Amino acid sequence: MPLDSAVATVTDRIIARSRDARTAYLEKIARAAEDGPRRAHLSCGNQAHAYAAMGGDKGLLAEGRAANLGIVTAYNDMLSAHQPFETYPARIKATARAVGATAQVAGGVPAMCDGITQGQPGMELSLWSRDVIALAAGVALSHNTFDAAVYLGVCDKIVPGLIIAAATFGHIPSVFIPAGPMVSGLPNDQKAKVRQQFAAGEVGRDKLMEAEMASYHAPGTCTFYGTANTNQMLMEFMGLHLPGASFVNPGTPLRDALTDAATERALEITALGNDFRPVSDILDEKAFVNGIVGLMATGGSTNLVLHLPAMARAAGVILDIEDFNDLSEAVPLMAKVYPNGLADVNHFHAAGGLGYMIGELLDAGLLHDDTKTIAGDGLARYAQEPKFANGELRWEDGPDAPLNDKILRPAGNPFQKTGGLKKMAGNLGLGVMKVSAVKPEHRIVEAPVRVFEDQDAVKAAFKAGEFTSDTVVVVRFQGPKSNGMPELHSLTPTLSVLLDRGLKVALVTDGRMSGASGKVPAAIHVCPEAADGGPLAKLRDGDLVRVDAAAGTLEVLVEDFDTRAAATPDLSANGVGIGREMFEMFRQSCGRAADGAGVAV
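Here's what I pulled together on the structure shown here. (Residues numbered from 1 in each chain as written. Predicted model: local features only at pLDDT ≥ 70, side-chain atom pairs only at ≥ 80, totals over all residues. Heavy atoms only, no water.)

## Some remarks on the overall build of the protein
To keep it simple, the criterion reads: Strands here are runs of E lasting at least two residues and helices are runs of H or I lasting at least four, both read from the DSSP assignment and numbered beginning at the N terminus. As a reference, a globule follows 2.2 Å times the number of residues to the power 0.38, and the radius of gyration itself is taken over C-alpha atoms. Classification of residues uses two cut-offs on accessible area relative to the type maximum, computed with a 1.4 Å probe and protein chains only: under 20% is buried, over 50% is exposed, and between them is partly exposed. A contact between two residues is defined here by any heavy atoms of the two lying within 4.5 Å. All accessibility values rest on the Shrake-Rupley procedure with a 1.4 Å probe; residue burial counts only the protein chains present in the view. Charged residues are defined here as Lys and Arg on the positive side and Asp and Glu on the negative side; His and the ends of the chain fall outside this count. Charged side chains are reduced to one point each, which is NZ for Lys, CZ for Arg, CG for Asp and CD for Glu.
A count of helical and extended segments in the protein gives 21 helices and 14 strands. Its C-alpha atoms give the protein a radius of gyration of 24 Å, within 12% of the compact-globule value 25 Å for 601 residues. For the protein, with 601 residues in total, the buried portion stands at 59%. Residue pairs at least 24 apart in sequence account for 76% of intrachain contacts in the protein once pairs closer than 6 positions are excluded. Split by element, the accessible area of the protein, about 21900 Å² in all, is 52% carbon and sulfur. Each charge class in the protein was averaged separately, 54 positive and 69 negative side chains, and the resulting centres sit 2 Å apart.

## Brief notes about the sheet that holds strand β3 (residues 148–152)
Rule in force here: A pair of strands is considered paired only if DSSP assigns at least 2 bridges between the two. Where helices are involved, their axes are fitted lines through C-alpha atoms of the stretch in contact, as for all axes, and angles between N-to-C directions lie from 0 to 180°.
Strand order across the open sheet formed by four strands is β2-β1-β3-β4, with parallel pairing between neighbours. Each edge of the sheet is formed by a strand with only one pairing partner; in this case those strands are β2 (102–108) and β4 (174–177). Averaged over all adjacent pairs, the angle separating strand axes in this sheet is 25 degrees, with direction ignored. For strand β1 (residues 68–73) and β2, the ladder comprises six bridges, and the chain directions are parallel. What sits directly across from V72, in β2, is G107. Across the sheet, helix α4 (residues 88–98) lies against β1, β2, β3 and β4, angled at about 155 degrees from β2, the strand it touches most.

## A look at the nonpolar core
So the rule is basically this: Residue types Ala, Val, Leu, Ile, Met, Phe, Trp, Tyr and Cys, when buried and joined through side-chain atoms within 4.5 Å, form a set referred to as a nonpolar core.
Counting residues in each nonpolar core, the largest one holds 136 residues, and the members touching the most others are L308, F324 and L361. The leading source of residues in this core is helix α7 (residues 158–168), at eight residues. With sequence-adjacent residues up to four places away left out, F324 is seen in contact with I292, L295, M296, L304, V305, L308, P309, L319 and L421.

## Quick look at the environment of G378
Relative to the assigned elements, G378 resides in the loop between α17 (353–363) and β5 (384–389). Taking relative accessible area as the criterion, G378 reaches 12% and is therefore assigned buried. Along the chain, G378 and S126 lie 252 residues apart, while their C-alpha atoms are 35 Å from each other.

## Focus on unusual backbone geometry
With an omega dihedral of 15 degrees, the bond running from Y338 to P339 counts as a cis peptide bond. Structurally, P339 can be placed in the loop between α15 (321–330) and α16 (345–350). Phi at M485 takes a positive value of approximately 60 degrees, unusual for a residue other than glycine. Despite not being glycine, A597 shows a phi value in the positive range, around 50 degrees.

## Considerations on the pairing of strand β9 (residues 444–452)
Direction of pairing for β9 relative to strand β13 (residues 544–548): antiparallel, over a ladder of five bridges. The partner of I444 across the bridge, within β13, is D548. Relative to strand β10 (residues 471–475), β9 runs parallel, the two being bridged by four bridges. Across the sheet, V451 pairs through a bridge with V474, a residue of β10.

## Some remarks on helix α8 (residues 188–199)
We count it as follows: How far a helix is expected to stretch is found by multiplying one less than its residue total by 1.5 Å.
With twelve residues, α8 extends 17 Å from end C-alpha to end C-alpha; this agrees with the ideal 16 Å at 1.5 Å per step. Where α8 is concerned, the buried positions are N188, K191, A192, V194 and Q196.

## A word on the packing of aromatic side chains
In plain terms, the rule: Note on aromatic pairs: the rings of Phe, Tyr and Trp (six-membered ring only in Trp) are paired at centre separations within 6.5 Å, and the planes decide the class, stacked below 30 degrees, edge-to-face beyond 60, tilted for the rest.
Under the counting rule described, the total for this entry stands at six aromatic pairs. Consider the rings of Y151 and F176, whose centres lie 4.8 Å apart with planes at 20 degrees: the pair is stacked. Of this pair, Y151 sits in strand β3 while F176 is found in strand β4, placing the two residues 25 residues apart along the sequence. Each member of the pair, Y151 together with F176, is buried. Aromatic side chains F247 and F348 sit 6.3 Å apart centroid to centroid with 75 degrees between the ring planes, which places their arrangement in the edge-to-face category. Within this pair, whereas F247 is found in the loop between α10 (227–237) and α11 (253–268), its partner F348 is found in helix α16, the two being separated by 101 residues in sequence. Here F247 falls in the buried class, since its relative accessible area comes to 3%. Using a relative accessible area of 3% as the deciding quantity, one classes F348 as buried. Taken together through their ring pairs, the aromatic side chains of W128, F583 and F586 make up a single cluster.

## Structural notes on the state of the cysteines
What counts here: Only a pair of cysteine sulfur atoms within 2.5 Å counts as a disulfide in this structure description.
Applying the stated rule across the entire model yields zero disulfides. Sulfur of C113: no disulfide; nearest cysteine sulfur belongs to C222 and is 6.2 Å away.

## Points about the pattern of salt bridges
Filter applied, for reference: In the sections that follow, a salt bridge refers to a side-chain nitrogen of Lys or Arg positioned within 4 Å of a carboxyl oxygen of Asp or Glu.
Under the definition given, this model contains 34 salt bridges. Linking R13 and D326 is a salt bridge whose minimum nitrogen-to-oxygen distance equals 3.1 Å. Separated by 313 residues along the polypeptide, R13 in helix α1 (residues 5–33) and D326 in helix α15 bring together distant segments of the chain. D560 is the salt-bridge partner of R564, the closest N and O atoms lying 3.3 Å from each other. Here R564 falls in the buried class, since its relative accessible area comes to 10%. One salt-bridge network, in which partners are shared between bridges, spans R265, E268, D275, R277, K372 and D377.

Pasting the structure below:
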């Protein structure tokens, strides 16, 4: 199938826009790669420090003729998604030894859980953790003793931060190794119902706690299709996982076999062998287009609209919100996974999963097949799925039809003809809306605004019974320069109650929503942000605002708006407590949300 004209147009536009940055990046990477395996150029003293604790591996390391693998791990046992990584380094080292190579834990990176910090001050560090992760991984790889790197990370900011580091060290191969989702627990729709009942005062905290513990209950990634699982999808669409690796549960023989195979593959694609695949060759313009196509086809997390531009910039690729919008218009929504539907990622995987979807999108001409991946040349390999039997790992063709059409549909018969994202633009600024979970009848709201400057004030107004008519709720001064751009996911149950009461309601904010954001229409990432004097800073209670996801417009309908002075609230409280003091330099130096709000890139 020829490449779809819209995908080709967007790709050509990105290539042209990125030409200077990409050329400079590749020239930098070529200079870094030209000396070959780096540890051969270290002094004897340098090397002795690097190998001192390596026991029986010292000989191979000192000889320098066998590949040495650097492990960058986001392990901690507070995050269910990362707890399985505790045993991975030992397994990776053993697999490396079995093929005559070595592996070392190069370093660890922080990994915070947004589920714990939702609605809490710690959420104001969440976005910055992405750049801290990139910097920490850079420190790990700066020892310059590795022929390839494997990255152990799954969740929201962890994968984007690791990609930024991998691209920066683009002269060495990089393989991402997932841990997989936890087995299914309490269905996500039932959990959401209890949250709404609690917000409405219909059940007590005991019932809420019971539902939450039944939903988040085991090692592995949370099972809804939020940012963590969207990250895993991206790693397959962009060719940095082994095919079919994303949604295999932890602690299974197949999961272990895939970890072993990923280690072996990382060692096969170093400059010491015959299939050198530096990550700079994989992370090109076409790979990022494939990632955005996957984001739209699956109805993935809006957080990736923020992260992908930052990830791409690290590889010299410049993405624009228009690219996301145009690809969303061209790509059908093929999956219904919570919060876009009732299924979780385990159900999605069982229905055919990413392998079926990639095969369908390739057949429809909506993906670039001529990309490099860690598995080989061409994305078609990712239409296969792994099987493990009789001690042997092999890949087989996946199903040629979805096994549950309530979860997964063919590209020619999708849930909707366009993807899950809409650019929102007008005299209130530029933002995005995830429309895949919003019913068509809720996508246009024209109503007076209530203006708030923190999410707690919204909840207090709700509890006081102040929302009795159609309302556009504006939560401003939530952008990266204001307070680190926290997710406002804890507003979803509250606003959902208003929607269920028959009110028309929408959210407009320069902050973020979680990848679990659901049925309330939310124009997010609005920029320029209020702290930069953006239009949201001029809004007043009662202003008539139109949020129109059908037309992609975000407008205030008052005559004197342009002549108003911008509000200048006291943001000093955002700079103290729970570590916020240490991130003042991040708030001062970050980029626009539309460009990824980056500090390290």
